Amino acid sequence: MKRGASFPYKRLNELLSKLRTEGEGLFVSRFVLTDAKDNTKPPPAGTKLALMSDDDYIPIPVDDKGRFDLPTFSEQRVKDMDFGTNVPKGDLGVRLSIDLATPPEMLDMATVRRIVSVGQRLRTELLPWYVRWMFPQIDGVIVCSDQPQWNLDWTEGGQHLRLPLPSEAQQREPETPKGKPSRACTVLTGQEQWPDAALLQPQPGANTKLYVKLRNPRAS
């Protein structure tokens, strides 16, 4: 294992600590090791990853798809901590995504508004400038499904109301490989006039997934 094969862990530790203490349980960080030249491919077979310092050696389990999780530490413990790996420098890539912890069937407009407000507060107020680039600018929630007959349901004045949500042709599912067709998606920004209690109703048995809507997503 060779220490210092990537950037120092101190800054990433700071991002993860803020995300877990100030993110109100709304966000989950996902890490994937990839081939350096193609981030759709897993890392070389036998790849090992660890966090290393003068006093610590902490192995990081990596599954067969390259996925792994990272712990957080005190500022003092992490000050000289680096990543270590058995793969030559320049042969590995790391993909970080910020996912949503809320299941689709529990997403209401109040949660959409919290996701946007907490995400923007993290980026503009709570995260130091030197780690903000690792946290996206969040402008809403993307809902994608293989059965895109979504509704918002709520009760108002003793009446049960249901509002169908249209698919947005310009919105691609973020995980769609480049050049491949996307599943249908709709977007909620929190600026809609619907009440906080309006609850998303995906089709029963549908494969529905939520994503953060980025302000300036890369073209795919």
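This is a predicted model, so every value here is computed, not measured.

**Observations concerning helix 1 (residues 9-22)**
With 14 residues, helix 1 should cover 20 Å at 1.5 Å per step; its first-to-last C-alpha distance of 20 Å lies within 8% of that length. For helix 1, the set of buried residues is Tyr 9, Leu 12, Asn 13, Leu 15, Leu 16 and Leu 19. Considered in projection along helix 1, the buried side chains sweep an arc of 160° and stay on one side of the axis. On the buried face of helix 1, the contacting elements are strand 2 (27-35), strand 3 (49-52), helix 2 (75-78), strand 6 (82-85), strand 7 (92-100) and helix 3 (109-126). One or two steps after helix 1, the chain reaches Glu 24, where phi turns positive at roughly 55°.

**Here we look at the pairing of strand 9 (residues 151-156)**
Bridging between strand 9 and strand 10 (residues 159-164) involves six bridges; their strand directions are antiparallel. Within strand 10, the position partnered with Glu 156 by the bridge is Gln 159. Counting the residues that bridge the hairpin from strand 9 to strand 10 gives two residues, and of these Gly 157 lies at a positive phi of roughly 60°.

**Side note on the confidence of the model for the protein**
When the pLDDT values of the protein are averaged, the result is 90; 95% of them are 70 or greater. By mean pLDDT, strand 1 (residues 2-3) is the weakest element of the protein at 65, and strand 12 (residues 199-201) is the strongest at 97.

**Some points on the sheet that holds strand 11 (residues 184-188)**
Hydrogen bonds along the backbone pair up the strands of a sheet, which may run parallel or antiparallel. The three strands lie next to each other as 11-8-13, forming an open sheet whose pairing is antiparallel. At either end of the open sheet lies a strand with only one pairing partner, and these are strand 11 and strand 13 (208-214). Taking each pair of neighbouring strands and ignoring which way they run, the sheet shows an average axis angle of 30°.

**A short note on the environment of Pro 164**
Counting through the fold element by element, Pro 164 comes out in strand 10. The exposure class assigned to Pro 164 is exposed, which follows from its relative accessible area of 56%. The spatial distance from the C-alpha of Pro 164 to the C-alpha of Trp 194 is 12 Å, given a sequence separation of 30 residues.

**So, the packing of aromatic side chains**
In the structure shown here, the tally under the stated rule is five aromatic pairs. Taking 5.9 Å as the distance between ring centres and 90° as the angle between the ring planes, the aromatic pair formed by Phe 27 and Phe 135 counts as edge-to-face. Of this pair, Phe 27 sits in strand 2 while Phe 135 sits in the loop between helix 3 and strand 8 (138-145), and the two are 108 residues apart along the sequence. Comparing Phe 27 with Phe 135 shows no difference in burial state: the two are buried.

**So, the packing of helix 1 against helix 3**
Viewed as axis vectors pointing N to C, helix 1 and helix 3 meet at an angle of 135°, and their least axial separation amounts to 11 Å. With respect to helix 3, the element helix 1 is oriented oblique. The chirality of how helix 1 crosses helix 3 is right-handed. From helix 1, Lys 18, Leu 19 and Glu 22 reach across to helix 3, where they touch Val 118, Arg 121, Leu 122 and Leu 126. Residues of the contact of helix 1 with helix 3, tallied by class, amount to four nonpolar, no polar and three charged.

**A look at the pattern of salt bridges**
All chains considered together, the criterion is met by 11 salt bridges. Note that Glu 173 is salt-bridged to Arg 183, the shortest N-O span being 2.8 Å. With Glu 173 in the loop between strand 10 and strand 11 and Arg 183 in the loop between strand 10 and strand 11, this residue pair connects regions lying 10 residues apart in the sequence. By relative accessible area, Arg 183 is classed as partly exposed at 23%. In this structure, Glu 175 engages Lys 209 in a salt bridge whose closest nitrogen and oxygen atoms are separated by 2.7 Å. Of this pair, Glu 175 sits in the loop between strand 10 and strand 11 while Lys 209 sits in strand 13, and the two are 34 residues apart along the sequence.

**What to know about the environment of Leu 16**
By the secondary structure assignment, Leu 16 is in helix 1. The spatial distance from the C-alpha of Leu 16 to the C-alpha of Val 28 is 9.4 Å, given a sequence separation of 12 residues. Discounting chain neighbours no more than four positions away, the residues touching Leu 16 are Tyr 9, Ser 29, Phe 31, Leu 70, Pro 71 and Thr 72.

About the criteria used
Residues numbered from 1 in each chain as written. Predicted model: local features only at pLDDT ≥ 70, side-chain atom pairs only at ≥ 80, totals over all residues. Heavy atoms only, no water. Helix = DSSP H or I, 4+ residues; strand = E, 2+ residues; numbered from the N terminus. Expected span 1.5 Å × (residues − 1). Buried < 20%, exposed > 50% of the residue type's maximum accessible area, 1.4 Å probe, protein only. Arc of directions from axis to C-beta. Contact = heavy atoms within 4.5 Å. Pairing = 2+ DSSP bridges. pLDDT = per-residue confidence, 0-100. Axes fitted to C-alpha atoms, helices over the stretch in contact; angles between N-to-C directions. Phe/Tyr/Trp six-rings, centres within 6.5 Å; stacked < 30°, edge-to-face > 60°. Parallel < 35°, antiparallel > 145°, perpendicular 65-115°, else oblique. Left-handed = near helix turned anticlockwise from the far one by under 90°. Nonpolar A, V, L, I, M, F, W, Y, C, P; charged D, E, K, R; others polar. Salt bridge = Lys/Arg side-chain N within 4 Å of Asp/Glu carboxyl O.

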